[in-house]
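Single-letter residue listing:
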Amino acid sequence: MKRNKVRAMAAALLMSIAVSGCKIGNTQIEVSSGFTGSEVFKIKDEVCTLSEAKVFLTNYQNIYADMYGVNLWKHKFKDNELEKYVKDITVSQLAQIMAMDFLAEEKDISLTEEEQGKIKEAAKAYYDSLNDTEKEYMHVSEGDIEKLYERYGLANKLYTQLTGDVNAEVSDDDARVMEADWIYVTDENVANEVQNQLNNGADFISVAGTYNEAAEIEVSFGRNDVPKEVEQVAFSLENNQVSGMIPVDNGWYFIKCINNYNQELTDANKSVILDQRRKEAFDDVYSEFLKKLPSKFNDDVWKEVKIETDKKITTDSFFKTYEKYCNW
């Protein structure tokens, strides 16, 4: 497989990791000293241990390792960028969850006895799924898994409760996704030549094949996926209609509308828009709360942790197990 294709898959992997777990932005923690060898970071008086961090790290690396039909860990990336990113996301997600739990405490949100019982079941199920090599590497007990699930469950409950009033109605027009062919050029003389050829009846795809500087010709997009200048023109086009020259920063677009309303993609985009609304509503509360939350990070310990690709360390069901038992 060519290296650039592997890098493209790695880029998609990193994006998918970035949006997994809780749906809130990264929690920043300051590098500090004075830790023990088993502590990764501290927020207020709560510590995240190395064992807890390894649970998330191991699951993240295994969840995404083969999702594109190729084991990304077998390929070399500049400065170990893939390993560094997965490690960064691990700490970011755990810090985010812990910070959310402090916010839950402030909001008097807690887990019920029934929810605690489900968490115990999930912890037992996940711990029992681990082989001896995995338990030794992560150095975790069933109690450690239960504590992680408690933190994760409370963070998710907080998120659900604080976003419950968000307007769940997304109109078809707001979510509309269209399919089109487009041409993008950065030189005004080239843009004028493209316009002249289209005006004279040249085939759009043929012109695009000669002049297009974008990565693709055939595209689909929603209103917020393109510059405003493109949105205003593109979403007014009828099927098979071709736009004129659309000026944007650093270039010009030409759009041919193929399908001005893709029902399937529009329905999927409604979920994306709703998730964004919820995130924005949560961030209004969460971002302000973070400003008063002290935190410290044990860089000396964490930089020594390496991604372990032992064939016996394959666990990837931490989050699936939670969803199975704790879907409240």
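Keep in mind the model is a prediction, meaning the values are calculated, not measured.

> Please provide a residue-by-residue account of the overall build of the protein chain, values included.
When helices and strands are tallied, the protein chain shows 13 helices and eight strands. For the protein chain, buried positions account for 45% of its 328 residues. Summarising the internal contacts of the protein chain: among those between residues at least 6 apart in sequence, 80% fall at separations of at least 24. With an accessible surface of roughly 17700 Å², the protein chain has 45% of that area assigned to carbon and sulfur atoms.

> For the side chain of threonine 90, give the residues involved together with the corresponding values.
Tracing the sequence through the fold places threonine 90 in helix H3 (residues 81–106). Threonine 90 sits in the buried class, given a relative accessible area of 0%. Discounting chain neighbours no more than four positions away, the residues touching threonine 90 are Ala53, Phe56, Leu57, Tyr60 and Trp302.

> Before we move on, could you go through helix H8 (residues 188–199) and cite the residues and values that matter?
Since the α-helix advances by 3.6 residues per turn, residues separated by three or four positions end up pointing in the same direction. Between the first and last C-alpha of H8 there are 16 Å, a value that for twelve residues agrees with the 16 Å anticipated at 1.5 Å per step. If you check which residues of H8 are buried, you get Ala191, Val194, Gln195 and Leu198. Down the axis, H8 shows its buried residues gathered within 100° of arc, on one side only. On its buried face, H8 is in contact with strand E4 (178–185), helix H9 (204–211) and strand E7 (251–259). Taking the backbone nitrogen of asparagine 189 as reference, a side-chain oxygen 2.8 Å away marks aspartate 187 as the first, capping residue of H8. Residue glycine 201 follows H8 closely and has a positive phi angle near 90°.

> Hey, could you go over the nonpolar core for me, with residue numbers and the actual values?
Ranked by internal contacts, the top residues of the largest apolar core, which has 56 residues, are Phe41, Phe56, Ile145, Tyr149, Trp302 and Phe318. No other element matches the twelve residues that H3 contributes to this core. Ignoring anything within four residues of it in the chain, the contact list for phenylalanine 56 reads Thr90, Gln93, Leu94, Ile97, Leu148, Tyr152, Phe318 and Phe319. Membership of the second largest hydrophobic core comes to 16 residues, among which are Tyr184, Val219, Ala234 and Tyr253.

> Describe the sheet that holds E4, and please don't skip the residues or the numbers.
One open sheet accounts for four strands, arranged E5-E4-E7-E6; its pairing is antiparallel. Bordering the open sheet on either side are strand E5 (218–221) and strand E6 (246–248), each of which pairs with just one other strand. Here the strands of the sheet are splayed against their neighbours by 45° on average, with no regard to which way each runs. Of the strand pairs in this sheet, E4 and E7 are connected by seven bridges, and their pairing is antiparallel. By the bridge assignment for E7, alanine 180 is matched with cysteine 257.

> So what about the packing of helix H4 (residues 113–129) against helix H13 (residues 318–325)? Which residues, and what values?
Here H4 crosses H13 at 145°, and the two axes come no closer than 9 Å. In this structure, H4 meets H13 at a crossing whose hand is right-handed. Packed against H4, whose contacting residues are Lys118, Glu121, Ala122, Ala125 and Tyr126, the element H13 presents Phe318, Thr321 and Tyr325 at the interface. When grouped by side-chain class, the residues that make up the contact of H4 with H13 number five nonpolar, one polar and two charged.

> Before we move on, could you go through helix H2 (residues 50–65) and cite the residues and values that matter?
Taking 1.5 Å per residue, 16 residues should reach 22 Å; H2 reaches 22 Å between its end C-alpha atoms and fits that length. A large share of H2 lies buried, amounting to 15 of its 16 residues.

> A description of the packing of aromatic side chains should follow, citing residues and the corresponding values.
Inspection of the entire model under this criterion finds 17 aromatic pairs. Residues tryptophan 182 and tyrosine 253 carry aromatic rings whose centres are separated by 5.1 Å and whose planes lie at 55° to one another, so their mutual orientation is tilted. Residue tryptophan 182 is found in strand E4, and its partner tyrosine 253 is found in strand E7; the two are separated by 71 residues along the sequence. Judged by its relative accessible area of 13%, tryptophan 182 is buried.

Thresholds, definitions, all that
Residues numbered from 1 in each chain as written. Predicted model: local features only at pLDDT ≥ 70, side-chain atom pairs only at ≥ 80, totals over all residues. Heavy atoms only, no water. Helix = DSSP H or I, 4+ residues; strand = E, 2+ residues; numbered from the N terminus. Buried < 20%, exposed > 50% of the residue type's maximum accessible area, 1.4 Å probe, protein only. Contact = heavy atoms within 4.5 Å. Areas by Shrake-Rupley, 256 points an atom, 1.4 Å probe, with all protein chains shown as cover. Expected span 1.5 Å × (residues − 1). Arc of directions from axis to C-beta. Polar contact = N/O pair within 3.5 Å; in protein donor to acceptor, adjacent residues only side chain to side chain. Core = buried A, V, L, I, M, F, W, Y, C linked by side-chain atoms within 4.5 Å. Pairing = 2+ DSSP bridges. Axes fitted to C-alpha atoms, helices over the stretch in contact; angles between N-to-C directions. Left-handed = near helix turned anticlockwise from the far one by under 90°. Nonpolar A, V, L, I, M, F, W, Y, C, P; charged D, E, K, R; others polar. Phe/Tyr/Trp six-rings, centres within 6.5 Å; stacked < 30°, edge-to-face > 60°.

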